[in-house]
Structures are given as C-alpha cells and as structure tokens.
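Remarks on the overall topology
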Amino acid sequence: MEKDKEFRVIIPDEYYKILKFQQEELPGIAVVNKNLADFEPKEVFSWHCSVMLNCKELIENGMPSKAEVKILDEFGDFLDEKIKGPDKEKPNGLFLARITWNESRELIWRIFDPEITNEFLNDLIERNEYPREFDYRIDEDVEWKLAEWHLKKRE
C-alpha cells in the first residue's frame, strides 16, 4: 500500500455465517465474517494474520470438548480485542474467520499495521501467557487471495 494515499474507510459490522465442511474425512466448522466480502478498500487491510491454536481436550473426530471450546473462545476474544486495538473506529484488524477442524482452531484477521500485531503476538509467546500452544503467520496479501475460500459466495 502506498503510504501517502488516503482512504475513507467504513468499518462494517461483523455478520457471521456458519459453514460446515468435510476435509480429509473429518468435520469442520467455520464462522466467517461475511460482511468483509464486499469491504473496500481492501488494500487498507492488506495483511492476513492466521493464529493456529492446538486443542487439548477433544471429543470424536478431532473436535474440542465443551470445556475446551470455552477456553478457546475466551482466548480468541482476548486476541480479537488486542489485535483490533482500542480504537473501534480505526481498528488495526478486522476479524475474518474462526475455523475448528482436526484438533485445531484457526483465528484469522485482516491487518492494517502488521508490526503492531507481530509485536503483540511475539510478546505473548515470550511471556508464555496463553492457555493453549499456538503459532501464527502474518502474510502480505493485498488482493485478499488468502481470504477467498472464506468469503466466496455459497448457497
């Protein structure tokens, strides 16, 4: 993104669609913020942040137990608040999706300034302050190619 460009950005309300899927013969559930499908200008949030959590307490098919879901949801809410930042009118991140599949939970945001998010997540790891092991990636993705599966039109 060109640093000297200015954009008028209206942050859309989050609207979730639940998607059930099968992959490698295992069930999965994705909760996707469908209001990002038509979000513009996409280049403002040109970074794709994926946080992968490892689930501990599991039931059948690699899905988390109710107690595990509570832990994952609370940690996900904490991450969401910190990644978006304190200014709700000008957040650093837009929540895209939460995917639960095969003993894991993936949380995804579109990011404005990757350095802020990277610093926060690195600090969390260094302080060892998290309820479940996790890893993350932040990739430049100006055209939102990494979000295509999540945002594609479905019946």
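What this report covers is the structure whose coordinates are included nearby. Model, not experiment: these values are computed from the prediction. (Residues numbered from 1 in each chain as written. Predicted model: local features only at pLDDT ≥ 70, side-chain atom pairs only at ≥ 80, totals over all residues. Heavy atoms only, no water.)

In this section: the overall build of the protein chain. A count of helical and extended segments in the protein chain gives 3 helices and 6 strands. Counted from the first residue to the last, the protein chain has its helices and strands arranged as β-β-β-α-β-β-α-β-α. Each of the three principal axes of the protein chain carries a C-alpha extent, and together these read 50 × 45 × 25 Å. Residue burial in the protein chain is summarised as follows: out of 155 residues, 44% are buried. Taking the contacts inside the protein chain whose residues are at least 6 apart along the sequence as the reference set, 68% of them involve residues at least 24 apart. Carbon and sulfur atoms make up 47% of the accessible area of the protein chain, which totals about 9600 Å². Charged side chains in the protein chain number 24 positive and 36 negative. The centres of these two groups are separated by 5 Å. (Helix = DSSP H or I, 4+ residues; strand = E, 2+ residues; numbered from the N terminus. Buried < 20%, exposed > 50% of the residue type's maximum accessible area, 1.4 Å probe, protein only. Contact = heavy atoms within 4.5 Å. Areas by Shrake-Rupley, 256 points an atom, 1.4 Å probe, with all protein chains shown as cover. Lys, Arg positive; Asp, Glu negative; His and termini not counted. Charge placed at Lys NZ, Arg CZ, Asp CG, Glu CD.)

Most of the time, phi is negative for any residue but glycine, and the peptide bond is trans. The linkage connecting E40 with the following residue, P41, adopts the cis geometry, with an omega of -5 degrees. Summarising the element assignment, P41 is placed in the loop between β2 (26-33) and β3 (47-54). Positive phi is not limited to glycine here, since E103 has a value of about 65 degrees. Relative to the elements of secondary structure, E103 occurs in the loop between β4 (93-101) and β5 (104-111). Take E103: its relative accessible area is 42%, and that puts it in the partly exposed class.

Right, let's talk about the side chain of R110 for a bit. Checked against the element boundaries, R110 lands in strand β5. A polar side-chain atom of R110 sits 2.8 Å from the main-chain carbonyl oxygen of D141. When residues no more than four places from it in sequence are discounted, the contact partners of R110 are F45, S46, W47, H48, N92, G93, L94, L96, D141, W144 and A147. (Polar contact = N/O pair within 3.5 Å; in protein donor to acceptor, adjacent residues only side chain to side chain.)

The next point concerns the packing of helix α1 (residues 66-84) against helix α2 (residues 114-126). Contact geometry of α1 with α2 gives a least axis separation of 10 Å together with a crossing angle of 140 degrees. Between α1 and α2, the interaxial angle falls into the category oblique. The handedness of the crossing between α1 and α2 is right-handed. On α2, the residues touching F75, F78, L79, K82 and I83 of α1 are T117, F120, L121 and L124. (Axes fitted to C-alpha atoms, helices over the stretch in contact; angles between N-to-C directions. Parallel < 35°, antiparallel > 145°, perpendicular 65-115°, else oblique. Left-handed = near helix turned anticlockwise from the far one by under 90°.)

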